[in-house]
Amino acid sequence: MRPVEEHQRVVAGLFRPRPPVTVPAADALGLVLAEDVVAPISLPGFDNSAMDGYAVVADDVAAASPESPVRLPVTEDIPAGRTDLLELKPGAAHRIMTGAMVPSGATAVVPVEATDGATDVVEIRAPARPGQHIRRAGEDVTAGTTVLRAGQRITPAMLGLVAALGLSELPVVPRLRVLVMSTGTELVEPGRPLRPGQIYESNAPMLAATVRDAGAEAVLAPMTGDDVETFRTTLARHATGVDLIITTGGVSAGAYEVVKEALGGSADAVEFVKVAMQPGMPQGCGVVGGIPIVTLPGNPVSALVSFEVFVRAPLRRAMGLPDPERPRRTATLAEDLTSPRGKRQFRRGVYDRDAGTVTSYGPPASHHLRWLATANCLLEIGEDVTELTTGTPVQVWDLA
Ligand code: AMP
Ligand code: MG
């Protein structure tokens, strides 16, 4: 049997990043910047008022106080957005709003609270420090400064900065497109009636969601039964413009193993192997029509655990995403457990962050979706370990 690490290496070797593209900034959230962003303009772009009040020459109001206010004629009214260039003469005031351009000649803004608020002759009741309440051009960002670096993951706040700089597009590492395809004659799409012996298809919705959760784009192919020709034609029709194909089912040791039968021939470079792990022993990977493919086992728990163990990290790495690996934590086992010799076991678990403990969750068999649905970690047990007692430190993959 192939060790887990070896299969991880083989699968990881299949991934290729897409070349960078330029996208509308609105579509860039969560993607990784492909190039540095250099500020084309300064922020603020011009000296502007930090308060609603009056633009004055600071010297004119140096002696102002509530007892002996200074009276100045109001010669302009400047709301935010006024675009003509104004000049303040000494001995006068301009009424000015927050964000409006400070007129040339003005050296301070007196907040409206320190005045009578008049629009003809204003009474100024406090002195002003030169520069007071003026936001200077370039004090936030100077034009030409590198404000964001290639490799950073784009956040809402970054999109705010980018928009403030007047940029409407960004160079990004695009999401990889992953085709998800499930197989099995027994499968029925949710929402339709079941006949005896049939089950609802659950792998494709689950894997498409986990692909998206990993930061990639998921494309769903219609599920196919276990007919080899149908599988081949469905795959050929849908595997265009994608960077990775993920199939589930049809790779184990029984009859009607459609994926194995369709891709195991010499035409395609796909290998089917047994990996020393539980769940998820039957695995396959390779290249079909130039596109990397990972063929996951059909049992839902095996499929999701296999995605976690083999696909998620290289997928994220190929998109330049930070923290491609799930965080690993050491937790104290809160129960006794047994594990098969010679296999890496991944149990579903509940990890209590505050207590630093973990309990396994549900039986180890790979059809227990209910437990998988509410587990928050994978509990990793080494190949050589067959018995674990309460209190033993164990490694968990934090899925939260
Ligand atoms: P297979 O690997 O195709 O033999 O499937 C193993 C088990 O997983 C069988 O019990 C299948 O019915 C089940 N299974 C396979 N694919 C799916 C799927 N897409 N959704 C739900 N169960 C599945
Ligand atoms: Mg099947």
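All figures in this text were calculated on a predicted structure; none of them were measured in a lab.

Caption draft 1: Structural context of the sheet that holds strand 7 (residues 93-96). Read across the open sheet, the five strands follow the order 8-5-7-6-9; overall the sheet is mixed. Pairing within the sheet leaves two strands with one partner each, and these edge strands are strand 8 (108-111) and strand 9 (121-124). With strand direction ignored, the average angle separating the axes of adjacent strands in the sheet is 45°. Of the strand pairs in this sheet, strand 5 (residues 53-56) and strand 8 are connected by four bridges, and their pairing is antiparallel. Looking at strand 8, one finds that Val 56 is bridged to Ala 108.

Caption draft 2: Structural detail: the environment of Ala 118. Mapping Ala 118 onto the fold places it in the loop between strand 8 and strand 9. Of the residues examined, Ala 118 reaches a relative accessible area of 15% and is grouped as buried. Remark: the alpha-carbon pair of Ala 118 and Val 74, spanning 44 residues in sequence, is separated by 8.1 Å. Excluding residues within four positions of it along the chain, Ala 118 makes contact with Tyr 54 and Val 74.

Caption draft 3: Region of interest: the pairing of strand 28 (residues 393-398). The sheet contact formed by strand 22 (residues 328-333) and strand 28 spans five bridges and is antiparallel. By the bridge assignment, Arg 329 is partnered in strand 28 with Val 396. As judged from the four bridges shared by strand 26 (residues 377-381) and strand 28, these two strands associate in the antiparallel manner. Within the sheet, the bridge partner assigned to Leu 379 lies in strand 28 and is Val 396.

Criteria and thresholds
Residues numbered from 1 in each chain as written. Chains lettered and ligands numbered in written order. Predicted model: local features only at pLDDT ≥ 70, side-chain atom pairs only at ≥ 80, totals over all residues. Heavy atoms only, no water. Pairing = 2+ DSSP bridges. Helix = DSSP H or I, 4+ residues; strand = E, 2+ residues; numbered from the N terminus. Axes fitted to C-alpha atoms, helices over the stretch in contact; angles between N-to-C directions. Buried < 20%, exposed > 50% of the residue type's maximum accessible area, 1.4 Å probe, protein only. Contact = heavy atoms within 4.5 Å.

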